[in-house]
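Observations on chain architecture
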Amino acid sequence: MEINLLKYFTIQRALNTFKVVSSFTISRIVRKPVVWGMPLSYSIEPTNHCNLMCPECPSGLGALTRPLGLLSADDFKNIIDQVKDTGFYVQLYFQGEPYINKNLSVMIKYAQSKNIYVSISTNGHFINEKTVDDIIKNAPDKLIFSVDGLDEESYQNYRVGGSFKKADEGLRLLIRKRNQLKKKKPFVEFQFIVMKQNEHMLDDVKKYGRDTGVDKVVFKTMQVSSYENALHFLPSNQRYSRYILSNGEIKIKNKLKDHCFALWRTSVITWDGKVVPCCFDKDANFGLGELKDNSVKDIWLSKPYQDFRQGVLKDRKGLSMCNNCTEGQKINILELEH
């Protein structure tokens, strides 16, 4: 089982969840932001450095304008200490490759010691014979392997600078070690972005998932930032595209409604303590506050955060960050329980 939420619920966390859901519901009705609770989950960025150069990733391309760096263990612990009573889910990733940060194991164990579920997304290149024992010993609850090909040609089409052989070996080694030690963690999710160059492989991906012993296979639609990239990458099967192409323009399929639950249930924190609305603000252009000056709670309830929520309730299309939103677009194709 991927996650049993009851295991992480205390009376205080359950009450906070009720506050979050009810205040969001009221906000939709009155069209003004009412916020009673604190985030249920957080995305906390261990680093925005990356070893790959994926063409639609600003981190890998070196296109981020914000500084590159590493989250310190002390800063992470400080964040967890502030949110542990009400939050129960932490994604230890945002931009970059989390395992570049040598303090990642310390962060995982500290969050888990506060009964917080920890999820990490990796490209797998830092999992090898030298590191696997420590990774298993300090395993996150869920580890997402992002691998978008089943051979070097299809893999390197998007995962530029990477190696399918290295990712494949890391994945198989991790699962073999986990099973040998009879460990339940990590729950391993194999994530595959569907694009023109690999859409013919989907049946093979399902078979690969069974062969390697992953717990879940997830197909994802691809984000693109230009019409040229859309023509190059988007699959022909419309089921796996989040866009419609027309007259030289790309348009998201989703109808953007003037509300977003993410602004009531989760928050994103960069490695250097900037708080941003959600994972689509990759360059922290919509910064809502900095933890060096304020607490998580003060920022969450601040006027800039409330103004941003009001902007979404009034005219979500008017916010550039929201125009590529994938809400409801993830496609779970296959789940394998072991």
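Report on the accompanying structure. Keep in mind the model is a prediction, meaning the values are calculated, not measured.

About the criteria used
Residues numbered from 1 in each chain as written. Predicted model: local features only at pLDDT ≥ 70, side-chain atom pairs only at ≥ 80, totals over all residues. Heavy atoms only, no water. Helix = DSSP H or I, 4+ residues; strand = E, 2+ residues; numbered from the N terminus. Rg over C-alpha atoms; globule rule 2.2 N^0.38 Å. Buried < 20%, exposed > 50% of the residue type's maximum accessible area, 1.4 Å probe, protein only. Contact = heavy atoms within 4.5 Å. Areas by Shrake-Rupley, 256 points an atom, 1.4 Å probe, with all protein chains shown as cover. Lys, Arg positive; Asp, Glu negative; His and termini not counted. Charge placed at Lys NZ, Arg CZ, Asp CG, Glu CD. Axes fitted to C-alpha atoms, helices over the stretch in contact; angles between N-to-C directions. Parallel < 35°, antiparallel > 145°, perpendicular 65-115°, else oblique. Left-handed = near helix turned anticlockwise from the far one by under 90°. Nonpolar A, V, L, I, M, F, W, Y, C, P; charged D, E, K, R; others polar. Core = buried A, V, L, I, M, F, W, Y, C linked by side-chain atoms within 4.5 Å. Phe/Tyr/Trp six-rings, centres within 6.5 Å; stacked < 30°, edge-to-face > 60°. Lys NZ or Arg CZ within 6 Å of the ring centre and 35° of its normal. Salt bridge = Lys/Arg side-chain N within 4 Å of Asp/Glu carboxyl O. 1 Å grid on protein atoms, 1.4 Å probe; cavity = no way out; pocket = protein on both sides within 12 Å on 5 of 7 lines; lining within 4 Å. Points joined across faces, edges and corners; volume = space filled by probe spheres on them.

**What about the overall build of the chain?**
Across its full length, the chain carries 12 helices and 12 strands. What you see for the chain is a C-alpha radius of gyration of 20 Å, in line with the 20 Å of a compact globule of 338 residues. Classification of the 338 residues of the chain by burial places 54% in the buried group. The long-range fraction of contacts in the chain, counting pairs at least 24 apart against all pairs at least 6 apart in sequence, stands at 71%. For the chain, the accessible surface area stands at approximately 15,700 Å², while carbon and sulfur atoms represent 52% of it. Charged side chains of the chain number 49 positive and 38 negative; the gap between the two group centres comes to 6 Å.

**Some thoughts on the packing of helix α3 (residues 73-83) against helix α4 (residues 104-113)**
Orientation of α3 relative to α4, taken along the N-to-C sense of each, is 20 degrees, at an axis distance of 10 Å. The angle between the axes of α3 and α4 places the two elements in the roughly parallel class. With respect to the hand of their crossing, α3 and α4 are arranged in right-handed fashion. Contacts between α3 and α4 involve A73, F76, K77, I80 and D81 on the former and, on the latter, V106, M107, Y110 and A111. The class makeup of the residues in the contact of α3 with α4 is seven nonpolar, no polar and two charged.

**Considering the nonpolar core**
Counting residues in each nonpolar core, the largest one holds 88 residues, and the members touching the most others are L92, L174 and F190. Here this core gets six residues from one element, more than from any other, and that element is helix α7 (residues 164-180). The contacts of L92, once residues within four sequence positions are left out, are I44, P46, F76, P98, L104, M107, I108, V118, S119 and I120.

**Quick look at the packing of aromatic side chains**
Scanning the model with the defined rule gives 14 aromatic pairs in all. Its end group placed over the ring of W264, R309 keeps NZ or CZ at 5.8 Å from the ring centre. Directly above the ring of W300 sits R309, whose terminal nitrogen or CZ lies 4.4 Å from the centroid.

**Considering the pattern of salt bridges**
A complete count under the given rule lists 14 salt bridges for this structure. R159 is paired through a salt bridge with D148; the nearest N and O atoms lie 2.7 Å apart. Here D148 lies in the loop between β4 (142-146) and α6 (152-158) and R159 lies in the loop between α6 and α7, a separation of 11 residues in the sequence. This pair shows no difference in class: R159 is buried, exactly as D148 is. The shortest N-O distance in the salt bridge between R178 and D215 comes to 2.8 Å. Of this pair, R178 sits in helix α7 while D215 sits in the loop between α8 (202-212) and β6 (216-220), and the two are 37 residues apart along the sequence. Given a relative accessible area of 5%, R178 falls into the buried group. Under the relative-accessibility criterion, D215 is labelled buried at 5%.

**As for empty space enclosed by the protein**
Taken as a whole and assessed by the stated rule, the structure comprises one cavity of 30 Å³ or more. The calculated volume of the largest cavity comes to roughly 40 Å³. Along the walls of the largest cavity sit P39, Y42, S267, I269, V275, V296, I299, W300 and Y305, which together make up its complete lining. Only β9 (266-269) and α11 (296-300) provide two or more residues apiece to the lining of the largest cavity. With three residues, α11 is the single largest residue contributor to the lining of the largest cavity. Across the lining of the largest cavity, the residue classes tally to eight nonpolar, one polar and no charged.

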